[in-house]
Amino acid sequence: MNRRRSSSAKRPARGTRRASPSRTNGRLRLIGGDYRRRQLPVLERPGLRPTPDRIRETLFNWLAFELAGAQVLDLYAGTGALGLEALSRGAAQALFVETDSDVAASLSTNIATLNTNGHVHRQAAMAFLAGPATPCDIVFLDPPFRQGHAADACQALEEHGWLNEAAWIYLEIEHECEPRVPANWQLHREVRAGDGIGRLYRRQRAA
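Residues numbered from 1 in each chain as written. Predicted model: local features only at pLDDT ≥ 70, side-chain atom pairs only at ≥ 80, totals over all residues. Heavy atoms only, no water.

Trainee: Give me the lowdown on empty space enclosed by the protein, citing residues and values where you can.
Mentor: Considering all chains together, one arrives at one cavity of 30 Å³ or more under this definition. Of the pockets and cavities examined, the largest cavity occupies roughly 60 Å³. Residue lining of the largest cavity: P41, V42, L43, L48, G78, T79, V103, S106, L107 and N110, and that is the complete set. Contributions of two or more residues to the lining of the largest cavity are made by β2 (39–43) and α3 (101–114). For the lining of the largest cavity, the residue count by class is six nonpolar, four polar and no charged. (1 Å grid on protein atoms, 1.4 Å probe; cavity = no way out; pocket = protein on both sides within 12 Å on 5 of 7 lines; lining within 4 Å. Points joined across faces, edges and corners; volume = space filled by probe spheres on them. Helix = DSSP H or I, 4+ residues; strand = E, 2+ residues; numbered from the N terminus. Nonpolar A, V, L, I, M, F, W, Y, C, P; charged D, E, K, R; others polar.)

Trainee: Kindly report on the environment of L48, identifying the contributing residues and their values.
Mentor: Looking at the element boundaries, L48 is found in the loop between β2 and α1 (53–62). Separated by 30 residues in sequence, L48 and G78 place their C-alpha atoms 6.9 Å apart.

Trainee: If you had to explain the packing of aromatic side chains to someone new, which residues and values would you point to?
Mentor: For the coordinates displayed, the defined rule picks out three aromatic pairs. Seen in terms of ring centroids, F60 and F140 are 5.8 Å apart; in terms of plane orientation they differ by 55°. Their pairing is tilted. Here F60, found in helix α1, pairs with F140, found in strand β6 (residues 136–141); they are 80 residues apart in sequence, far enough to count as distant. For the pair F60 and F140, a shared accessibility class is recorded, and that class is buried. (Phe/Tyr/Trp six-rings, centres within 6.5 Å; stacked < 30°, edge-to-face > 60°. Buried < 20%, exposed > 50% of the residue type's maximum accessible area, 1.4 Å probe, protein only.)

Trainee: An account of the sheet that holds strand β9 (residues 196–203) is requested, with residue identities and associated values reported.
Mentor: Taken together, seven strands build an open sheet; the order of strands is β5-β4-β3-β6-β7-β9-β8 and the sheet is mixed. Each edge of the sheet is formed by a strand with only one pairing partner; in this case those strands are β5 (118–121) and β8 (185–193). Geometrically, the sheet is characterised by an average inter-axis angle of 15° between neighbouring strands, direction not taken into account. Running at roughly 175° to strand β4 (residues 93–97), helix α2 (residues 81–88) makes contact with β3 (71–75), β4, β5, β6 and β7 (163–174) of the sheet. With respect to the sheet, α3 is in contact with β4 and β5, its orientation differing from that of β5 by roughly 170°. (Pairing = 2+ DSSP bridges. Axes fitted to C-alpha atoms, helices over the stretch in contact; angles between N-to-C directions. Contact = heavy atoms within 4.5 Å.)

The following block contains the structure:
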């Protein structure tokens, strides 16, 4: 999942060498399922890092009985940590949406390394959601903080047919934000995630 935060994050000091787009600065470790303990390279990008192990463990404990055969969407994918974890734990297919071409290419390489059923779309999230929809069972939604993307993305998921009737939606937002989500999304669980809050919703039949 993309852990990219607000563009107001601290920038490198003047004269600091900018890293090459292809340089890696860490590893993504999958923590459960078929690819447990597999480690994959993560590109160096400001604010880009895998969702922490503790948060992933909590989230996938919540979703333990929902993953087998699931169709998954990892929006604002970044490292793809959540979508890859879902595939490791039995999801049938995952779609990853990432606008940064180098990050998307790195994610495609990691999917090929695992030889798993993931597909990367190098596209802005809202443009992707406006296209032909594949109804999903689980959606991971972690937009950049403090840029106002969350409410629009949630509404687009609901309005454009991206959600199966009883879909699960995991939304990660800044801790001070009270999210505006569709009225038929019922909050199931929540967890503190660094400077944000992770909330898991269950979609109910629309009134």
